[in-house]
Amino acid sequence: MKKSILFLSLVFMWACSTSGEAWLEEAKTRFGKGESVSAKEALEKALEKNPGLAEAYNLRGVILFQEKNYPEAEAAYRKAIELKPSLYTAQLNLGAVLMEQGVWDKSLAPTNRAIAAQPDSSAGYLQRGIIQAALAKPAEAKMDFTEAIKRSPKEINAYYNRGNILFQEENYPAAIADFAKAAEINPNFGKAYYALGLSYIKSDQNDKACLAFQQAQKLNYPGAAEAVKNLCNR
């Protein structure tokens, strides 16, 4: 019994004396284990100790975003940025949550600020490329996807998204190259195989299209089975 009382006392003393930064690290650990509720509790402790801890608000936003509570996630990111405008992840995350809410034009500014804060990261260029594509600016989008690939040669989503624009521009050889590269990087990327099949059809390479669709079918990509039936079983 005495040992239990002593243990509880030590836990209480640790909780009272732990800094906001230590609680933030604890929240990160809990979140990494998938313990979202417990992580939010640790974040509350972190902010009680240090109300100016921008990174704690950013992590709160990440958890809320995962829970699809986009308005509150946005508010958390904005608070993080208010406290620390140079916080790259908060700027990038604010852009992402605005994208998720369909506010594409407003998502561009925080993404630009994220790129300015950390120009060597591929994530900012990838995100801005997606925004530019949504805003019907394909030339700018392609430039951003290319920049993302320069900084991270295995940035699979940059290849896939650039391939989509090239496909829409009817530049099928270039689209094939990008979709094939995406599939090479991740052989389980069914969407890339399906897009590759469509590109081969447009290039009058039905045999290769059939192989691509069959691979997409193996990966259970929607529509692939129908494409195989229509193209390969003639």
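This one's a predicted model, so the numbers in the text were calculated from it and none came from an experiment.

A.B. asks: Explain the packing of helix α6 (residues 88-100) against helix α7 (residues 104-117) to me, please; I cannot follow it from the model alone.
C.D. replies: Helix packing for two helices is described by the angle between their axes and how far apart those axes are. Direction vectors running N to C along α6 and α7 enclose 160°, while the axes themselves pass 8 Å from each other. What the angle tells us is that α6 and α7 run roughly antiparallel. In this structure, the crossing between α6 and α7 has a hand that is left-handed. For the pair α6 and α7, the contacting residues are Tyr88, Gln91, Leu92, Leu94, Gly95, Leu98 and Met99 in the first and Trp104, Lys106, Ser107, Pro110, Thr111, Arg113, Ala114 and Ala117 in the second.

A.B. asks: Whenever I open this one, unusual backbone geometry confuses me. Can you help?
C.D. replies: Note: most peptide bonds trans; most residues except glycine with negative phi. One non-glycine residue, Ala136, lies in the positive phi region at around 60°. By the secondary structure assignment, Ala136 is in the loop between α8 (122-134) and α9 (138-151). Ala136 sits in the exposed class, given a relative accessible area of 63%. A positive phi angle is found at Glu170, which is not glycine, with a value near 65°. Here Glu170 lies in the loop between α10 (156-168) and α11 (172-185).

A.B. asks: So what exactly am I meant to see when it comes to the packing of aromatic side chains here?
C.D. replies: Aromatic ring pairs are defined here through the distance separating the ring centres and the angle between the ring planes. Applying the stated rule across the entire model yields 6 aromatic pairs. The structure contains a cluster of three or more aromatic residues connected by ring pairs, namely Tyr160, Phe179 and Phe189.

A.B. asks: Honestly, the confidence of the model for the chain in this entry has me stumped. Any pointers?
C.D. replies: Do not read the predicted coordinates in detail wherever pLDDT is low. Predicted confidence across the chain gives a mean pLDDT of 92, with 92% of residues reaching 70 or more. Long-range and interchain partners of residues 7-17, a stretch whose pLDDT sits below 50, account for 5 contacts in this model, where long-range means more than four residues apart.

A.B. asks: Would you mind showing me how to read the environment of Ile130 here?
C.D. replies: Within the element layout of this structure, Ile130 appears in helix α8. On the basis of relative accessible area, Ile130 is assigned to the partly exposed category, the value being 27%. In the structure, Ile130 is positioned 31 residues away from Asn161 in sequence and 7.5 Å away in space, judged by C-alpha atoms. Excluding its chain neighbours within four sequence positions, the residues that come into contact with Ile130 are Met99, Trp104, Phe145 and Asn161.

A.B. asks: Help me out: how do you make sense of the pattern of salt bridges in this one?
C.D. replies: A side chain with one charge can pair with a side chain of the opposite charge if their charged atoms come near. For the structure shown, the criterion picks out 13 salt bridges. The closest approach of N and O atoms between Glu26 and Arg30, which form a salt bridge, is 2.9 Å. You can see Glu26 and its partner Arg30 sitting in helix α2 (residues 20-32), 4 residues apart, about one turn around the helix. Its relative accessible area of 26% is what places Glu26 among the partly exposed residues. Look at Arg30 and you get buried, because its relative accessible area is 17%. One salt bridge in this structure joins Glu184 and Lys181, with 3.4 Å as the shortest N-O distance.

A.B. asks: I'm lost on the nonpolar core in this one. Help?
C.D. replies: Judged by nonpolar contacts, the single largest core of 33 residues is most densely connected at Phe145, Ala158, Phe179, Ala182, Phe189, Leu196 and Phe213. Examining the composition of this core, we find that 6 residues originate from one element, α10, more than from any other. Within the second largest apolar cluster, 26 residues are counted, among which are Ala42, Ala46, Leu94 and Leu98.

A.B. asks: Whenever I open this one, α9 confuses me. Can you help?
C.D. replies: Here α9 contains 14 residues, and its C-alpha end-to-end distance of 20 Å stays within 8% of the 20 Å for a straight helix at 1.5 Å per residue. Close packing links the buried residues of α9 with α8 and α10.

A.B. asks: In this structure, what is going on with the UniProt feature "repeat: TPR" (unreviewed entry) in the chain? I would like to understand it.
C.D. replies: Listed under "repeat: TPR" (unreviewed entry) in the UniProt record, and renumbered for this structure, are residues 54-87 and 156-189. End C-alpha atoms of residues 54-87 are separated by 8 Å, and the span's content is 79% helix alongside 0% strand. Taken end to end, residues 156-189 is 79% helix and 0% strand, and its first and last C-alpha atoms sit 9 Å apart.

Rules of the game
Residues numbered from 1 in each chain as written. Predicted model: local features only at pLDDT ≥ 70, side-chain atom pairs only at ≥ 80, totals over all residues. Heavy atoms only, no water. Axes fitted to C-alpha atoms, helices over the stretch in contact; angles between N-to-C directions. Helix = DSSP H or I, 4+ residues; strand = E, 2+ residues; numbered from the N terminus. Parallel < 35°, antiparallel > 145°, perpendicular 65-115°, else oblique. Left-handed = near helix turned anticlockwise from the far one by under 90°. Contact = heavy atoms within 4.5 Å. Buried < 20%, exposed > 50% of the residue type's maximum accessible area, 1.4 Å probe, protein only. Phe/Tyr/Trp six-rings, centres within 6.5 Å; stacked < 30°, edge-to-face > 60°. pLDDT = per-residue confidence, 0-100. Salt bridge = Lys/Arg side-chain N within 4 Å of Asp/Glu carboxyl O. Core = buried A, V, L, I, M, F, W, Y, C linked by side-chain atoms within 4.5 Å. Expected span 1.5 Å × (residues − 1). UniProt positions renumbered as here; feature names shortened; annotations may be inferred.

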